[in-house]
Amino acid sequence: MKSLIPTILIAIFPLVSYSQKPNFSVYNNQINMVKDEVKYFEIEKINSQFYMLVGGGGNVGVFISNGEVILIDNKYEILEDVLMTSLREITDKPIKYIINTHFHHDHSDGNRAFGKQGIPIISHQNAKKRMMEDVELYGGIYSFIKDFVQPKYDKASLPVFTYESKMTISQGNEEIELYNFGKAHTDGDSAVVFKNNNIIHTGDAFVRYGYPYVDLNNGGSIKGLIDFLGTLELLCDNNTIIIPGHGELSKKEDVTKLKNTLSDLYTKTVIGLKNGLSHGEISDSIEETLNGDANVKLNYIKSIELELSKD
Ligand SMILES: [Zn+2]
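Residues numbered from 1 in each chain as written. Predicted model: local features only at pLDDT ≥ 70, side-chain atom pairs only at ≥ 80, totals over all residues. Heavy atoms only, no water.

### A closer look at the sheet that holds strand S3 (residues 60-65)
Okay, so step 1: The 7 strands lie next to each other as S1-S2-S3-S4-S5-S6-S9, forming an open sheet whose pairing is mixed. With partners counted over all chains shown, the strands left at the sheet margins are strand S1 (42-47) and strand S9 (161-163), one partner each. Averaged over all pairs of adjacent strands, the angle between strand axes in this sheet comes to 20°, irrespective of strand direction.
Okay, so step 2: Pairing of S3 with strand S4 (residues 68-72) involves 5 bridges; the strand directions are antiparallel. Considered in S4, the bridge of Phe63 is made with Ile70.
Okay, so step 3: This element, helix H3 (residues 80-90), spans S1, strand S2 (50-54), S3, S4 and strand S5 (95-99) of the sheet and lies at about 150° to S2. (Pairing = 2+ DSSP bridges. Helix = DSSP H or I, 4+ residues; strand = E, 2+ residues; numbered from the N terminus. Axes fitted to C-alpha atoms, helices over the stretch in contact; angles between N-to-C directions. Contact = heavy atoms within 4.5 Å.)

Right under this line is the structure:
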């Protein structure tokens with residue numbers, strides 16, 4: 001009888017895994033919420049060529065040059081009309097390219113609307129790879145992301161141009177450089193640098209809402225994100241305008257501040273764990289300077305521990 005058990009388990013488990021459909025309910029709830037609540041985007045003018053669209057998903061960058069528009073991120077499919085209304089308040093020029101800073105729904109779900117119009121989409125190669133599957137996001141930092149499964153993108157919604165570490169696009173008077181510096185918010189982030197305008201869109205590898213969400217399920221790394229912030233500092237001078245994935249326009253000093261806060265948290269966590277301190281004791285040793293949510297700080301400490309266990 002005993003020897004039959006493994007045979008039974010082998011027989012049952014494939015059936016279970018094949019019969020389980022991915023559960024998109026958290027994703028669907030989010031889409032419904034966005035549909036009900038988001039009626040317009042705030043338009044922030046950065047200069048005569050550059051605008052930022054704020055609200056209902058990640059910040060969208062709008063770059064106008066040579067009679068054409070390049071969009072950086074595109075929020076949600078369901079907000080296509082809202083996005084186009086905002087864009088048409090700025091310019092009547094056609095969209096030439098869309099750049100995805102990474103694969104997450106709140107930045108790239110709009111691919112599902114714009115891809116089928118034939119607008120070429122550009123991303124890092126790993127972002128495209130993640131878009132080709134149903135993916136479950138890491139739920140260990142913010143509770144509202146628990147059980148969040150993002151459905152795969154169909155072929156027409158996928159990026160058509162990808163790169164490995166750096167890509168350059170010339171457009172009018174501008175050289176646009178896309179960089180991937182390895183694991184950070186995900187394993188497929190792009191920092192999009194507009195050299196002549198001295199503007200950088202960072203996607204979610206730099207944000208202003210407090211503890212930056214890191215997708216440990218999809219190649220993200222807290223240590224990598226801290227390293228990314230260090231590299232981002234080197235790309236900036238004191239006049240650089242940074243469009244974060246979420247939150248207000250920023251400067252180099254804001255990047256430095258976040259980097260120092262996270263480095264301190266990371267170092268104290270590593271040392272604390274080595275010395276056998278509890279998560280709570282480590283948390284108590286770290287001054288709260290980000291958003292005051294003790295739970296998120298604790299989750300960050302646990303996530304660093306998880307990341308270390310995978311090394
Ligand atoms: Zn993201």
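Once the structure has been displayed, the description carries forward.
### With respect to the packing of aromatic side chains
Okay, so step 1: The tally for this structure, following the rule as stated, stands at 9 aromatic pairs.
Okay, so step 2: Consider the rings of Tyr27 and Phe148, whose centres lie 6.1 Å apart with planes at 90°: the pair is edge-to-face. Separated by 121 residues along the polypeptide, Tyr27 in helix H2 (residues 25-37) and Phe148 in the loop between strand S7 (135-136) and strand S8 (149-150) bring together distant segments of the chain. The pair Tyr27 / Phe148 is uniform in exposure class, with both members buried.
Okay, so step 3: Pairing Tyr142 with Phe144 gives two aromatic rings, centres 5.8 Å apart and planes at 40°, and the pair type is tilted.
Okay, so step 4: Overall, the relative accessible area of 12% leaves Tyr142 in the buried class.
Okay, so step 5: The lysine or arginine in question, Lys75, covers the ring of Phe41, its NZ or CZ lying 4.5 Å from the ring centre.
Okay, so step 6: Its end group placed over the ring of Tyr153, Arg112 keeps NZ or CZ at 3.9 Å from the ring centre. (Phe/Tyr/Trp six-rings, centres within 6.5 Å; stacked < 30°, edge-to-face > 60°. Buried < 20%, exposed > 50% of the residue type's maximum accessible area, 1.4 Å probe, protein only. Lys NZ or Arg CZ within 6 Å of the ring centre and 35° of its normal.)

### Examining empty space enclosed by the protein
Okay, so step 1: According to the stated counting rule, one finds 1 cavity of 30 Å³ or more in the structure shown.
Okay, so step 2: Roughly 40 Å³ of volume is contained in the largest cavity.
Okay, so step 3: Along the walls of the largest cavity sit Tyr179, Asn180, Phe181, Gly182, Ala184, Asp189, Ser190, Ala191 and Phe228, which together make up its complete lining.
Okay, so step 4: Classifying every residue of the lining of the largest cavity gives 5 nonpolar, 3 polar and 1 charged. (1 Å grid on protein atoms, 1.4 Å probe; cavity = no way out; pocket = protein on both sides within 12 Å on 5 of 7 lines; lining within 4 Å. Points joined across faces, edges and corners; volume = space filled by probe spheres on them. Nonpolar A, V, L, I, M, F, W, Y, C, P; charged D, E, K, R; others polar.)

### So, the coordination of the zinc ion
Okay, so step 1: Around the zinc ion, the protein contributes the donor atoms His102 (NE2), His104 (ND1), His185 (NE2) and Asp204 (OD), at 2.2 to 2.3 Å from the metal centre.
Okay, so step 2: Taken together, the 4 donor atoms coordinating the zinc ion and their angles of 86 to 170° define a geometry best described as irregular.
Okay, so step 3: Donor residues binding the zinc ion come from one chain and are separated in sequence as H-x1-H-x80-H-x18-D. Highlighted residues: His102 in the loop between S5 and helix H4 (105-108) and His185 in the loop between strand S11 (174-179) and strand S12 (191-194), separated in sequence by 83 residues. Taken as a pair, His102 and His185 share a single burial class, namely buried. (Donors = N, O, S within 2.8 Å, 3.2 Å for Na, K, Ca; no water. Tetrahedral: all angles 85-135°; square planar, octahedral: opposite > 155°, others 65-115°.)

### Notes on H2
Okay, so step 1: Relative to the 18 Å expected for 13 residues at 1.5 Å per residue, H2 spans 18 Å between its end C-alpha atoms, a close match to the ideal helical length.
Okay, so step 2: Looking at H2, one finds that the buried residues are Tyr27, Ile31 and Val34. Taken around the axis of H2, the buried residues stretch over an arc of 65°, which confines them to a single face. Turned more than 90 degrees from where H2 packs its buried face, Asn29, Asp36 and Glu37 sit exposed.
Okay, so step 3: Those residues of H2 that are buried lie in contact with H4, helix H5 (111-114) and S8. (Expected span 1.5 Å × (residues − 1). Arc of directions from axis to C-beta.)

### Here's the deal with the pairing of S12
If a strand is regular, its side chains alternate between the two faces of the sheet.
Okay, so step 1: Taking every second residue as pointing to the same face, both faces of S12 are buried, with Ala191 and Val193 on one and Val192 and Phe194 on the other.
Okay, so step 2: Summarising the sheet, S12 and strand S13 (residues 199-201) pair through 3 bridges and their orientation is antiparallel. Following the sheet pairing, Val192 is matched in S13 by His201.

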